[in-house]
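# Observations on chain architecture
Given next are the chains, with one letter for each unit.
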Amino acid sequence: MATAKRTEPALRPQTMAAMKAKGSKLVMITAYDYASARCVVATSVDLILVGDSLGMVVLGYPDTLKVTMGDMISHCAAVRRGAPDKYIIADMPYMSYHLDTCQAKANAARLIVDGAADAVKLEGGGDSRLEVIRAIVDCEIPVCAHLGLTPQSIHRFGGYKVQGKTPGDHTRLLSQALAIQEAGAFMLVVEGIPEQLGKEISASLHIPVIGIGAGRFTDGQVLVFHDLLGMTPQPAKFVQTYATIHDQSVSAIERYATEVRTGAFPSVRNIYYPIN
Ligand code: KIV
């Protein structure tokens, strides 16, 4: 695979931690290809997540579980080609870090070397996951962890359900967040949890905590590109839609179809050496 060119990222984990300390919010968005990355680099968004949500929003799977290392590497490298100097975090797909720490280290390295990511993200905060985080960090690869409604656990959760609602789950997630920081992660994403828990986790950690469906008090927010732009049929409650790209695309494509049928397209300005 051709190496995707990257330049020095404008932001580093140290800068992100300093932003948290100053109270500046971090803005993250997902991207999955060259075109979406080019949109993001034209904005002031701080960092890009190449999420395994690509399985759902790009590849049309019902969940994230079928996404492969090959998918992640090829999409991440495309994002890097469109965003040479953005800090890019790549998701480690389901079962790419679950077997043992050797498998996890090798796959994390592939995302950095072949996918040209700056860091990797993985889900969960139990003991075996902490061991994996320590092992990857030990290979000099920055790790972002992900807690709460972790999509790779939907079968255990019985669906996309808000996590951390009971006092026991609240305490467990808070102590896992602290252990993740202790294990060396530079960032934590928290998803689908009550606002109070998002607030407590963010206040307890010195590493930045990025929320998605975790309320107003996290150190930053992340949204899925397609959700934000109005390309998802029924977005979750936590999504704010800022555009109507699906509807605009449908009407543009329909206008094209009509113009072909009526002969309005191609017009003289689209034709090489038109016949007078
Ligand atoms: O895969 C993804 O896009 C994610 C975000 C929703 C945090 O993990």
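Just above, that's the structure.
Residues numbered from 1 in each chain as written. Predicted model: local features only at pLDDT ≥ 70, side-chain atom pairs only at ≥ 80, totals over all residues. Heavy atoms only, no water.

Angle between the axes and distance between the axes are the two parameters that describe a pair of packed helices. Contact geometry of helix α2 (residues 34-41) with helix α4 (residues 69-82) gives a least axis separation of 7 Å together with a crossing angle of 40 degrees. Overall, the two elements α2 and α4 adopt an arrangement that is oblique. You can see that α2 and α4 cross each other, and the crossing is right-handed. In this structure, α2 contributes Y34, A37, R38 and V41 to the contact, and α4 contributes A78, V79, R81 and G82. (Axes fitted to C-alpha atoms, helices over the stretch in contact; angles between N-to-C directions. Helix = DSSP H or I, 4+ residues; strand = E, 2+ residues; numbered from the N terminus. Parallel < 35°, antiparallel > 145°, perpendicular 65-115°, else oblique. Left-handed = near helix turned anticlockwise from the far one by under 90°. Contact = heavy atoms within 4.5 Å.)

Turning our eyes to something else, we now look at the site of the ligand. Close to the ligand lie T30, L49, G51, D52, S53, D91, K121, H146, V189, E191, I212 and V224. D91 places a polar side-chain atom, nitrogen or oxygen, 3.0 Å from an oxygen atom of the ligand. Starting from 260 Å² of accessible surface for the ligand in isolation, the protein chains cover 96%. Among the cavities detected, the one that contains the ligand is the largest pocket. When grouped by side-chain class, the residues that make up the shell around the ligand number 4 nonpolar, 4 polar and 4 charged. (Near = heavy atom within 4 Å. Polar contact = N/O pair within 3.5 Å; in protein donor to acceptor, adjacent residues only side chain to side chain. Areas by Shrake-Rupley, 256 points an atom, 1.4 Å probe, with all protein chains shown as cover. 1 Å grid on protein atoms, 1.4 Å probe; cavity = no way out; pocket = protein on both sides within 12 Å on 5 of 7 lines; lining within 4 Å. Sits in = over half its atoms within 2 Å of the grid points. Nonpolar A, V, L, I, M, F, W, Y, C, P; charged D, E, K, R; others polar.)

Turning our eyes to something else, we now look at the pattern of salt bridges. The final tally for this structure, using the stated rule, is 5 salt bridges. Linking K20 and D219 is a salt bridge whose minimum nitrogen-to-oxygen distance equals 2.7 Å. Highlighted residues: K20 in helix α1 (residues 13-22) and D219 in the loop between β7 (209-212) and β8 (220-223), separated in sequence by 199 residues. R172 is the partner of D169 in a salt bridge, and the nearest nitrogen-oxygen pair spans 3.3 Å. A residue pair is termed a helical-turn pair when its members lie 3 or 4 positions apart in one helix, as D169 and R172 do in helix α8 (residues 167-183) at 3 residues. Judged by relative accessible area, R172 falls into the partly exposed class, the value being 35%. (Salt bridge = Lys/Arg side-chain N within 4 Å of Asp/Glu carboxyl O. Buried < 20%, exposed > 50% of the residue type's maximum accessible area, 1.4 Å probe, protein only.)

Attention now goes to the layout of surface pockets. Here the largest pocket is characterised by a volume of approximately 820 Å³. Taken together, 35 residues make up the lining of the largest pocket; nearest its centre are E191, I212, D227, A236 and F238. Elements that contribute at least two residues to the lining of the largest pocket include exactly α3 (54-57), β4 (119-123), β6 (187-191) and β8. Residue classes in the lining of the largest pocket are distributed as 19 nonpolar, 9 polar and 7 charged. Counted as a void, the second largest pocket has a volume near 390 Å³. Together, 22 residues line the second largest pocket, and V27, M28, L223, L228 and Y242 are the ones closest to its centre. (Points joined across faces, edges and corners; volume = space filled by probe spheres on them.)

What follows covers the sheet that holds β6. Overall, parallel pairing links the 8 strands, which are arranged β1-β2-β3-β4-β5-β6-β7-β8 in a closed barrel. Between one strand axis and the next, the sheet turns through 25 degrees on average, direction left out of account. Where strand β5 (residues 143-148) and β6 come together, 5 bridges link them in parallel fashion. Directly across from H146, in β6, lies its bridge partner V189. Set on the sheet, helix α6 (residues 127-138) makes contact with β4 and β5; between it and β4 the angle comes to about 175 degrees. (Pairing = 2+ DSSP bridges.)

Honestly, that's just the spatial picture; any functional story needs more than this.
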